[in-house]
Amino acid sequence: MSQSHADRPQVPRLPGDAPEQERPTDKPRDRQLPRYKVVLHQDAANDLMFVVRSVMELTRFPRAEATHKMWEAHHCGRSVLLQTYLERAELYVEQFASRNLQVAIEPA
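The present account deals with the structure reproduced in this document. Computed from a prediction, not measured in an experiment: that's the story for all the values here.

It is worth spelling out the packing of aromatic side chains at this point. Given two aromatic rings, one states the distance between the centres and the angle between the planes to describe the pair. Scanning the model with the defined rule gives zero aromatic pairs in all. A cation over an aromatic ring shows up here: Arg35 above the ring of Tyr85, its NZ or CZ 4.8 Å from the ring centre.

As structure tokens, this is what we get:
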């Protein structure tokens, strides 16, 4: 038993509404939030393993990556930990500061 379109009730439409087939598709969101780098600075005051453990706990990096970031900051003076949005970057700065580690935010 097939139903024809005549059996369906009409959907009320406002005067400016176009049928669904004629509606323009929504444009994809081209606007992106600006990204920021979270930069770990050299730290002579804390133990190197403390820096590695802190990076692992706060960023969830594996030990090898956290160790690489620590050595990079130790030898080069700085290491870019990650790139993220401003609010999240500010959160990382607060968390690292609570452990007496110097971390800065830079535009990506």
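Anyway, onward from the coordinates.
To continue, consider the sheet that holds strand β1 (residues 35–41). Strand order in the open sheet formed by three strands is β2-β1-β3, and the pairing between neighbours is antiparallel. Since the sheet does not close on itself, it has two edges, and those belong to β2 (78–85) and β3 (103–107), each with one partner. Neighbour-to-neighbour, the strand axes of this sheet turn through a mean angle of 30°, independent of strand direction. Two strands pair when backbone bridges link them, and β1 and β2 are joined in this way by seven bridges, in the antiparallel orientation. Within β2, the position partnered with His41 by the bridge is Arg78. Against the sheet, helix α2 (residues 63–76) touches β1 and β2, its axis set at about 125° to β2.

So, on to the side chain of Lys69. In this structure, Lys69 sits in helix α2. One buried charged residue, Lys69, remains without a salt bridge, the closest side chain of opposite sign being Glu72 at 4.6 Å. Apart from residues lying up to four places away in sequence, Lys69 is in contact with Leu40, Phe61, Ser79, Val80 and Leu81.

With 14 residues, α2 extends 20 Å from end C-alpha to end C-alpha; this agrees with the ideal 20 Å at 1.5 Å per step. Just downstream of α2 lies Gly77, where phi reads positive at about 95°.

Thresholds, definitions, all that
Residues numbered from 1 in each chain as written. Predicted model: local features only at pLDDT ≥ 70, side-chain atom pairs only at ≥ 80, totals over all residues. Heavy atoms only, no water. Phe/Tyr/Trp six-rings, centres within 6.5 Å; stacked < 30°, edge-to-face > 60°. Lys NZ or Arg CZ within 6 Å of the ring centre and 35° of its normal. Pairing = 2+ DSSP bridges. Helix = DSSP H or I, 4+ residues; strand = E, 2+ residues; numbered from the N terminus. Axes fitted to C-alpha atoms, helices over the stretch in contact; angles between N-to-C directions. Contact = heavy atoms within 4.5 Å. Buried < 20%, exposed > 50% of the residue type's maximum accessible area, 1.4 Å probe, protein only. Lys, Arg positive; Asp, Glu negative; His and termini not counted. Salt bridge = Lys/Arg side-chain N within 4 Å of Asp/Glu carboxyl O. Expected span 1.5 Å × (residues − 1).

Fair warning: the whole summary comes from geometry, so function is off the table for now.
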